[in-house]
Amino acid sequence: MADMGAFRQAVIEWAAGGPGDPARELAATADVRAVVLLEGPSDVAAVDALAARRGRDLAAEGVCVLPMGGAMSVGRFAGLLGPSGLGLRLTGLCDERERGYYARGWERAGAAPEGYFVCAADLEDELIRALGTTRVQELVRAEGDLRPLQTFLRQPAQQGRPAQLQLRRFFGTKKGRKIQYGRVLVEALAPDRVPAPLDDLFAAL
């Protein structure tokens, strides 16, 4: 929905110091009821892919999936959008190392503490474990990235590292690759293998 995209952009500009009136007006126009606060675009790609697989149109449901440009911004976004701001219901997905940012942001915004879900390391790690490294390597081959992966694995720093850690690091070595595989890995999941934090997020929406 165009209005939801406009709302998302207005919130990002508001959080960066711009005026809040456009976001307030668009929240009503788009009938926004909830916001999913995510660290960045690769998480958005995974959430969008799972929504598509499950036949859900989150924008039509009044759910805005919003990349914050870093977990440290969660306090700002939660304050603007949550109970102390626009009064929207907050949900989110974070890495274990970001739990403290989310906990403080949720508390200051007056939001329910159970509204965000924590990945053990990060979402890529959860997806790789759910699929298994052999299947992920098959997907890398299918995406035409086998040669870059092989080159990457020959680097001295990768020698002797577990395959799961190697794959996680590989996804972050090229701009846009994490976004690409956020979608690819989710689309390859069996319905009963969706990682718990991602599955729990959807159950809460």
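Because the structure is predicted, anything quoted here is derived from the model rather than measured. Each chain has its residues counted from 1, running along the sequence as written. Side-chain atom pairs in this predicted model are given and counted only at pLDDT of 80 or more, local residue features only at pLDDT of at least 70, and totals for whole chains, interfaces and linings cover all residues. Side-chain metrics rest on all non-hydrogen atoms present in the structure, leaving aside hydrogens and water.

Scanning the protein for helices and strands turns up eleven helices and four strands. Based on the C-alpha atoms only, the size of the protein along its principal axes is roughly 50 × 35 × 30 Å. The classification of residues rests on relative accessible area computed with a 1.4 Å probe and restricted to protein chains. Under 20% of the type maximum is buried, over 50% is exposed, and intermediate values are partly exposed. Burial analysis of the protein (205 residues in total) assigns 47% to the buried set. If you take every contact in the protein between residues at least 6 apart in sequence, the share linking residues at least 24 apart comes to 73%. A run of H or I in DSSP becomes a helix once it reaches four residues, and a run of E becomes a strand once it reaches two; helices and strands are each numbered from the N terminus. Contacts between residues were defined by any pair of non-hydrogen atoms, one from each residue, lying within 4.5 Å.

The term salt bridge refers to a pairing of a side-chain nitrogen on Lys or Arg with a carboxyl oxygen on Asp or Glu at a separation within 4 Å. In this structure the tally under the stated criterion is eleven salt bridges. Look at the salt bridges and you will find they share partners, linking D125, E126 and R129 into a network.

Nonpolar side chains in soluble globular proteins tend to be buried together. Residue types Ala, Val, Leu, Ile, Met, Phe, Trp, Tyr and Cys, when buried and joined through side-chain atoms within 4.5 Å, form a set referred to as a nonpolar core. Grouped together as the largest cluster of nonpolar side chains are 38 residues, with contacts concentrated most on V47, V136, F171, L185 and L198. The leading source of residues in this core is helix α3 (residues 41–53), at six residues. Setting aside residues up to four positions removed in sequence, F171 forms contacts with I128, V136, V140, R177, K178, Y181 and L185. With 32 residues, the next largest nonpolar core counts M4, V32, L81 and L90 among its residues.

Turning our eyes to something else, we now look at the packing of helix α6 (residues 123–131) against helix α9 (residues 163–171). For helices, the fitted axis covers only the stretch in contact; all axes are lines through C-alpha atoms, and the angles between them, taken along N-to-C directions, range from 0 to 180 degrees. Where α6 meets α9, the axes come as close as 10 Å, and the angle between the chain directions of the two elements is 135 degrees. With respect to their mutual orientation, α6 and α9 come out oblique. The element α6 and its partner α9 pack so that their crossing is right-handed. Across the interface between the two elements, D125, I128 and R129 from α6 touch Q164, L167, R168 and F171 from α9. Side-chain classes are defined by residue name, with Ala, Val, Leu, Ile, Met, Phe, Trp, Tyr, Cys and Pro counting as nonpolar, Asp, Glu, Lys and Arg as charged, and the others, Gly among them, as polar. Taken together, the residues of the contact of α6 with α9 break down into three nonpolar, one polar and three charged. Each angle receives one of four descriptions, namely roughly parallel if under 35 degrees, roughly antiparallel if over 145, roughly perpendicular if within 65 to 115, and oblique otherwise. Rotating anticlockwise by less than a right angle from the far helix to the near helix defines a left-handed crossing, while the corresponding clockwise rotation defines a right-handed one.

Moving on to the sheet that holds strand β1 (residues 34–38). Taken in spatial order, the four strands line up as β2-β1-β3-β4 in an open sheet, and their pairing is parallel. Every interior strand has two partners, whereas the edge strands, β2 (63–67) and β4 (116–119), have only one. Looking at each pair of strands side by side, their axes are set apart by 15 degrees on average, direction ignored. For two strands to pair, DSSP has to find at least two bridges joining them. Here five bridges tie β1 to β2, and the two strands are oriented parallel to one another. Residue V35 lies in a different strand from β2, and its bridge partner there is C64. On the sheet, helix α11 (residues 196–204) packs against β1, β3 (89–95) and β4 and is oriented at approximately 170 degrees with respect to β4.

Another aspect to go through is the packing of aromatic side chains. The aromatic pairing rule takes the rings of Phe, Tyr and Trp, using the six-membered ring of Trp, and pairs them if the centres are within 6.5 Å, calling planes under 30 degrees apart stacked, those over 60 edge-to-face and the rest tilted. A full pass over the atoms with the stated rule returns six aromatic pairs. Relative to Y116, the ring of Y102 has its centre 5.7 Å away and its plane inclined at 55 degrees; by these criteria the two rings are tilted. You can see Y102 sitting in helix α5 (residues 99–109) and its partner Y116 sitting in strand β4, a full 14 residues away along the chain. Looking at Y102, the relative accessible area reads 0%, which means it is buried. Judged by its relative accessible area of 13%, Y116 is buried. Looking at R54, its charged tip hangs above the ring of F202, at a distance of 5.6 Å from the centre. Throughout this description, the term charge over a ring refers to an Arg CZ or Lys NZ atom that lies within 6 Å of the ring centre and within 35 degrees of the ring normal.

All right, on to α6 then. Burial of α6 is extensive: eight of the nine residues sit out of reach of the surface. Among all positions in α6, only L123, E124, D125, E126, L127, I128, A130 and L131 are buried. Within 3.5 Å is the distance limit for a polar contact, defined as a pair of N or O atoms, with the added protein rule that one can donate a hydrogen and the other accept it, and that residues adjacent in sequence qualify only through two side-chain atoms. Between a side-chain oxygen at the N-terminus of α6 and the backbone nitrogen of E124 the separation is 3.3 Å; the capping residue is D122. Trailing α6 by a residue or two, G132 shows a phi angle of about 90 degrees, which is positive.

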